[in-house]
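Here is how the chains run, residue by residue.
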Amino acid sequence: MRPSRPAARTSAPTTPRHGLARVLSKLGVCSRSQAEKAVREGRVSVDGKIVLDPERPADAQRQRILLDGEPVMASERVYIALNKPRGIVVSASDERGRDTVYDLLKEAGLPWLGPVGRLDKASEGLLLLSNDSVWAARLTEPKHHVDKTYHVQVDSVPDQALLDALIEGVVEEGERLAARRAVLLRHGEKNAWLEIVLDEGRNRHIRRLLAAHDVAVLRLIRVAIGSLALGELAKGQWRRLSEDEVRALAQA
């Protein structure tokens, strides 16, 4: 008589790993904050039941998720480069009614895209937007140290000692601010253009770093992120990134 085989173990169902708002964000249908707002407003259902808790675990592969009555599916991954003009706010909406980067994209027929990193209102130049939250996080997380290159017009003509001091860095309001590289590009009698490279980006990083040395910024343009250069892209215009560009940035 053959010995009986032990009964096969039944594996427990996999517990969903992410909250509902994060699931919606990772699918690329909206931002995390927009998803949280939609859930709290009762616009999202899971398997036929309205969910009001943005942190409730959900699994898009095993559950039927509806947003405003429409099935939620992963959006096409879109990656674009935009030349942000000065005076434009990097925000989905502005309480003061100022123009935002989304006003530049509203006729483009693109899915929801989130900004990858920041550029303040007074700054201009290369801004990336995407609905791929994993790719975006890789570029913005400080541990990855993706270089960002800026051309900065200042109200004086810096000497080598100041350029060295920018690289040495300062501690301002409890944060260390430093440049990875700082070189003089050209100058006139009263002002100059610098090229400053950062491998991390704190809020108003360059402006605060220069202000610590009594230098004011007249103009600040981001000209490159990693190997991706702004190039000849006109102000207010955008273009899709190639597959090679997307891959190169992820590996930067």
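Going by the annotation in an unreviewed UniProt entry, the name recorded for the protein chain is Pseudouridine synthase, with Dyella solisilvae given as the source organism.

Student: Just checking my understanding: could you explain the packing of aromatic side chains for this structure?
Tutor: To describe a pair of aromatic rings, you give the distance between the ring centres and the angle between the ring planes. Taken as a whole and assessed by the stated rule, the structure comprises 1 aromatic pair. Where Tyr79 meets Trp135, the ring centres are 4.8 Å apart and the plane angle is 75°; that geometry is what we call edge-to-face. With a gap of 56 residues between them, Tyr79 in strand S7 (residues 79-84) and Trp135 in helix H4 (residues 133-140) connect regions that are remote in the sequence. Residue class for Trp135 comes out buried when judged on its relative accessible area of 7%.

Student: Any chance you could explain the side chain of Lys84 here in plain terms?
Tutor: Mapped onto the elements of the fold, Lys84 is located in strand S7. For the buried Lys84, no salt bridge is present, and the opposite-charge side chain at shortest range is Asp120, 6.1 Å distant. Not counting chain neighbours up to four residues away, the residues in contact with Lys84 comprise Val90, Val101, Leu119, Asp120, Lys121, Ser123, Glu124 and Gly125.

Student: Please explain the nonpolar core as it appears in this structure.
Tutor: A general tendency of soluble globular proteins is for nonpolar side chains to be buried together. Among the nonpolar cores identified, the biggest contains 32 residues, and Leu129, Val152, Leu166, Ile196, Ile206 and Leu210 are the most heavily contacted of them. The two domains that each donate at least three residues to this core are domain 2 (79-142 + 229-251) and domain 3 (147-225). With sequence-adjacent residues up to four places away left out, Leu210 is seen in contact with Val152, Val154, Leu166, Leu194, Ile196, Val215 and Val217. Core analysis: the second largest hydrophobic core is formed by 20 residues, Ala81, Ile221, Val223 and Leu233 among them.

Student: Sorry, what's going on with the confidence of the model for the protein chain here?
Tutor: Regions with low pLDDT carry predicted coordinates that are not meant to be interpreted in detail. Overall, the prediction assigns the protein chain a mean pLDDT of 89, with 93% of residues at 70 or greater. Counting interchain partners and residues more than four positions distant, the pLDDT-below-50 stretch residues 6-15 has 1 contact.

Student: Hey, could you run me through the environment of Gly117 in this one?
Tutor: Summarising the element assignment, Gly117 is placed in the loop between strand S8 (114-116) and strand S9 (124-130). Sequence spacing of Gly117 and Leu163 is 46 residues, and the spatial spacing of their C-alpha atoms is 25 Å. Beyond its immediate chain neighbours, meaning those up to four positions away, Gly117 contacts Leu127 and Thr140.

Student: Got a minute to help me understand the pattern of salt bridges in this structure?
Tutor: Pairing between side chains of opposite charge can happen when the charged atoms of each approach one another. Scanning all chains against the criterion turns up 19 salt bridges. For Glu41, the salt bridge goes to Lys37, with nearest N and O atoms at 2.6 Å. On the basis of relative accessible area, Glu41 is assigned to the partly exposed category, the value being 43%. In this structure Lys37 comes out as partly exposed when scored by relative accessible area, which is 48%. The residue Glu200 makes a salt bridge to Arg202 at a minimum N-O spacing of 3.8 Å. Judged by relative accessible area, which is 22%, Glu200 ranks as partly exposed. Through salt bridges with shared partners, a single network forms among Glu172, Glu175, Glu200, Arg202 and Arg208.

Student: Explain the pairing of strand S13 (residues 181-187) to me, please; I cannot follow it from the model alone.
Tutor: A regular strand places its side chains so that they alternate between the two faces of the sheet. The pairing of S13 with strand S14 (residues 192-198) spans 6 bridges and is antiparallel. Note on S14: the bridge partner recorded for Leu184 is Leu194.

Student: Sorry, what's going on with unusual backbone geometry here?
Tutor: Glycine aside, residues mostly have negative phi, and peptide bonds are mostly found in the trans state. If you check the backbone angles, Arg204 has positive phi at about 50° while not being a glycine. With respect to the helices and strands, Arg204 occurs in the loop between S14 and helix H6 (205-211). Note on Arg204: relative accessible area 43%, which makes it partly exposed. Phi at Asp214 takes a positive value of approximately 60°, unusual for a residue other than glycine.

Student: Would you take a moment to explain the pairing of S7 for this structure?
Tutor: With respect to burial, S7 is a largely interior element, 6 of its 6 residues being buried. The pairing of S7 with S9 spans 6 bridges and is antiparallel. Counted as the bridge partner of Tyr79 is Ser130 from S9. Where S7 lies against strand S17 (residues 238-240), 3 bridges are found, and the strand directions are antiparallel. The partner of Ala81 across the bridge, within S17, is Arg239.

Rules used throughout
- Within each chain, residues carry numbers counting from 1 in the order of the written sequence.
- In keeping with the model being predicted, local features are shown solely for residues with a pLDDT of at least 70 and side-chain atom pairs are shown and tallied solely at 80 or more, while totals for entire chains, interfaces and linings include all residues.
- For side-chain calculations, the full set of non-hydrogen atoms in the structure is used, while hydrogens and water are omitted.
- Here a Phe, Tyr or Trp ring, Trp counted by its six-membered ring, pairs with any other such ring whose centre lies within 6.5 Å, and the pair is stacked when the planes are under 30 degrees apart, edge-to-face when over 60, and tilted otherwise.
- The helix and strand labels rest on DSSP assignments: H or I over at least four residues marks a helix, E over at least two residues marks a strand, and numbering proceeds from the N terminus.
- Under the scheme applied here, a residue whose accessible area is under 20% of the maximum for its type counts as buried, over 50% as exposed, and between as partly exposed, the area being computed with a 1.4 Å probe on protein chains only.
- The sign given to each residue is positive for Lys and Arg and negative for Asp and Glu; His and the chain ends receive no count.
- The term salt bridge refers to a side-chain nitrogen of Lys or Arg lying within 4 Å of a carboxyl oxygen of Asp or Glu.
- Contacts were defined at the residue level, with two residues in contact if any of their heavy atoms lie within 4.5 Å.
- Put simply, a nonpolar core is a bunch of buried Ala, Val, Leu, Ile, Met, Phe, Trp, Tyr and Cys residues held in one set by side-chain atoms that sit within 4.5 Å of each other.
- Domains are outlined according to an automatic or database domain assignment.
- Scored from 0 to 100, pLDDT reflects the predictor's confidence in each residue.
- Criterion used throughout: strands pair if DSSP finds at least two bridges between them.

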